[in-house]
Amino acid sequence: MAGRVEGRVALVTGGAMGLGKADCERLAAEGAKVIVTDREVEMAHQVADSIGGDAMALDVTDEQQWKDVMHAVQERHGGLDILVNNAGNVIFENIEDCSLDHFKLHLDIHVVGTFLGCKYALPLMKNRHEKVGGGGSSIINMASTAALMGYGAIPAYTAAKGGISSMTRSIAIHCQDEGYGIRCNALAPGGIETPMVMEVSGRAGENPMDIPAGPLPQDGLGDPRDVAGCVLFLASDDARFLNGLTIPVDNGLDARPHH
Ligand SMILES: NC(=O)c1ccc[n+]([C@@H]2O[C@H](COP(=O)([O-])OP(=O)(O)OC[C@H]3O[C@@H](n4cnc5c(N)ncnc54)[C@H](O)[C@@H]3O)[C@@H](O)[C@H]2O)c1
């Protein structure tokens, strides 16, 4: 049986570990040709080798690298159907402790990185349905519950994720108005067991927690595959009528009354 993104070309940023790696694995398992990109190029190659994909070095803050990568994608794969702007960082510093440099670092990686990704991918993603059929191309940006809720410890990260969420709407409407056949949505995960979360919870270098396969309790952490499944859905034609959204992937965290 054909996979849900069979024959599509997908590029994932920050694909070497964590959520990005799980996205690469799931998209490849469902038939996509996946280009794994990361600034950790060795690890990106390892992921690509394990899924029969392609790997490229990409620091998402570097405009020239985006241009070079998109040129190579066009040459090697003839276009792009799915873009996952996933690369990210977080430093826990409240408004009093956060330096301007650290604030700008978050905006650079998340907002500028996502802006550059969308800007330089768009020409390769436009009107792809005319060549490959199906419901069109899909951009998936990685926001966070931090775009939706107030976390006192991470003002730079919340500003950056809020920027991604609102930019997602703008890009979705522009592409729709231009008739490009490109949808643009964001996911807002919260509490997923990745190297980033292990680091901020003081468990860097330890073995990841074993996330049960069944229903999760209220305070249960999610598995990267919980986000990858949502990436796959948004990338697929099943999500043809979803556009401009920021969708929480947080086991009900955002829905719960906080008082
Ligand atoms: N894990 C969670 O619970 C959670 C929750 C909300 C949002 N997110 C978001 O999901 C995304 C992935 O998070 P994760 O938990 O997998 O993090 P992670 O730290 O485990 O992985 C991040 C990846 O991004 C790469 N990266 C960082 N800066 C880069 C840059 N400038 N250029 C290219 N690659 C770069 C890293 O090398 C790494 O491979 C991030 O945008 C993060 O903010 C994660």
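Below you will find a few notes about this structure. (Residues numbered from 1 in each chain as written. Predicted model: local features only at pLDDT ≥ 70, side-chain atom pairs only at ≥ 80, totals over all residues. Heavy atoms only, no water.)

Now for the packing of helix 4 (residues 100-125) against helix 6 (residues 155-178). Running from N to C, helix 4 and helix 6 cross one another at 15°; their axes reach a closest spacing of 8 Å. Considering their axes alone, helix 4 and helix 6 lie roughly parallel with respect to each other. Handedness of the helix 4/helix 6 crossing: right-handed. Here helix 4 contributes His102, Phe103, His106, Leu107, His110, Val111, Thr114, Phe115, Cys118 and Leu122 to the contact with helix 6, which in turn contributes Pro155, Ala156, Tyr157, Ala159, Ala160, Lys161, Gly163, Ile164, Met167, Ile171, His174 and Cys175. Here the residues of the contact of helix 4 with helix 6 sort into 15 nonpolar, six polar and one charged. (Axes fitted to C-alpha atoms, helices over the stretch in contact; angles between N-to-C directions. Helix = DSSP H or I, 4+ residues; strand = E, 2+ residues; numbered from the N terminus. Parallel < 35°, antiparallel > 145°, perpendicular 65-115°, else oblique. Left-handed = near helix turned anticlockwise from the far one by under 90°. Contact = heavy atoms within 4.5 Å. Nonpolar A, V, L, I, M, F, W, Y, C, P; charged D, E, K, R; others polar.)

Let's shift gears to the pattern of salt bridges. Counting across every chain of the model gives eight salt bridges. The salt bridge involving aspartate 237 is made with arginine 8; its shortest N-O contact spans 3.0 Å. With aspartate 237 in the loop between helix 8 (224-235) and strand 7 (246-249) and arginine 8 in the segment before strand 1 (9-12), the pair connects residues that are 229 residues apart, well separated along the chain. Of the residues examined, aspartate 237 reaches a relative accessible area of 29% and is grouped as partly exposed. On the basis of relative accessible area, arginine 8 is assigned to the buried category, the value being 9%. Arginine 76 is paired through a salt bridge with aspartate 54; the nearest N and O atoms lie 2.8 Å apart. Pair noted here: arginine 76 is in helix 3 (residues 63-77) and aspartate 54 is in strand 3 (residues 54-57), with a separation of 22 residues, a long-range link. Given a relative accessible area of 13%, aspartate 54 falls into the buried group. (Salt bridge = Lys/Arg side-chain N within 4 Å of Asp/Glu carboxyl O. Buried < 20%, exposed > 50% of the residue type's maximum accessible area, 1.4 Å probe, protein only.)

So, about empty space enclosed by the protein. This structure, assessed with the given rule, holds one cavity of 30 Å³ or more. For the largest cavity, the calculated volume is near 30 Å³. Looking at the largest cavity, the residues that line it are Thr13, Val60, Trp66, Asn85, Asn86, Ala87, Ile109, His110, Gly113 and Thr114. The leading source of residues in the lining of the largest cavity is helix 4, at four residues. The class makeup of the residues in the lining of the largest cavity is four nonpolar, six polar and no charged. (1 Å grid on protein atoms, 1.4 Å probe; cavity = no way out; pocket = protein on both sides within 12 Å on 5 of 7 lines; lining within 4 Å. Points joined across faces, edges and corners; volume = space filled by probe spheres on them.)

The next thing to look at is the environment of lysine 119. In this fold, lysine 119 is placed in helix 4. Judged by relative accessible area, which is 42%, lysine 119 ranks as partly exposed. Measuring from C-alpha to C-alpha, the distance between lysine 119 and alanine 159 comes to 21 Å, with 40 residues separating the pair along the chain.

Glancing now at the site of the ligand. Residues in contact with the ligand amount to 27 residues; listed here are only the nearest, Asp38, Asn86, Tyr157, Ile192 and Thr194. Valine 60 is positioned with one of its backbone polar atoms (N or O) 3.0 Å from a nitrogen atom of the ligand. A majority-of-atoms criterion places the ligand in the largest pocket. Every element with two or more residues in the shell around the ligand is listed here: helix 1 (18-29), helix 6 and helix 7 (195-200). (Near = heavy atom within 4 Å. Polar contact = N/O pair within 3.5 Å; in protein donor to acceptor, adjacent residues only side chain to side chain. Sits in = over half its atoms within 2 Å of the grid points.)

A word on the packing of helix 3 against helix 4. At a closest axis distance of 10 Å, the pairing of helix 3 and helix 4 adopts a crossing angle of 30°. Regarding the angle of helix 3 to helix 4, the classification is roughly parallel. Of the two possible hands of crossing, helix 3 and helix 4 adopt the one that is right-handed. Between helix 3 and helix 4, the residues in contact are Glu63, Trp66, Lys67, Met70, Val73 and Gln74 and Gly113, Leu116, Gly117, Tyr120, Ala121 and Leu124, respectively. Here the residues of the contact of helix 3 with helix 4 sort into seven nonpolar, three polar and two charged.

Attention now goes to the nonpolar core. In this structure, Leu11, Trp66, Met70, Val73, Leu80, Leu83 and Ile139 are the most contacted members of the largest nonpolar core, which totals 29 residues. Every element with two or more residues in this core is listed here: strand 1, helix 3, helix 4, helix 6 and strand 6 (182-189). Setting aside anything within four residues of it in sequence, one finds tryptophan 66 in contact with Leu11, Thr13, Leu58, Val60, Leu83, Asn85, Gly113, Leu116, Gly117 and Tyr120. Formed by 28 residues, the second largest nonpolar core is a distinct cluster that contains Cys24, Leu27, Val84 and Leu232. (Core = buried A, V, L, I, M, F, W, Y, C linked by side-chain atoms within 4.5 Å.)

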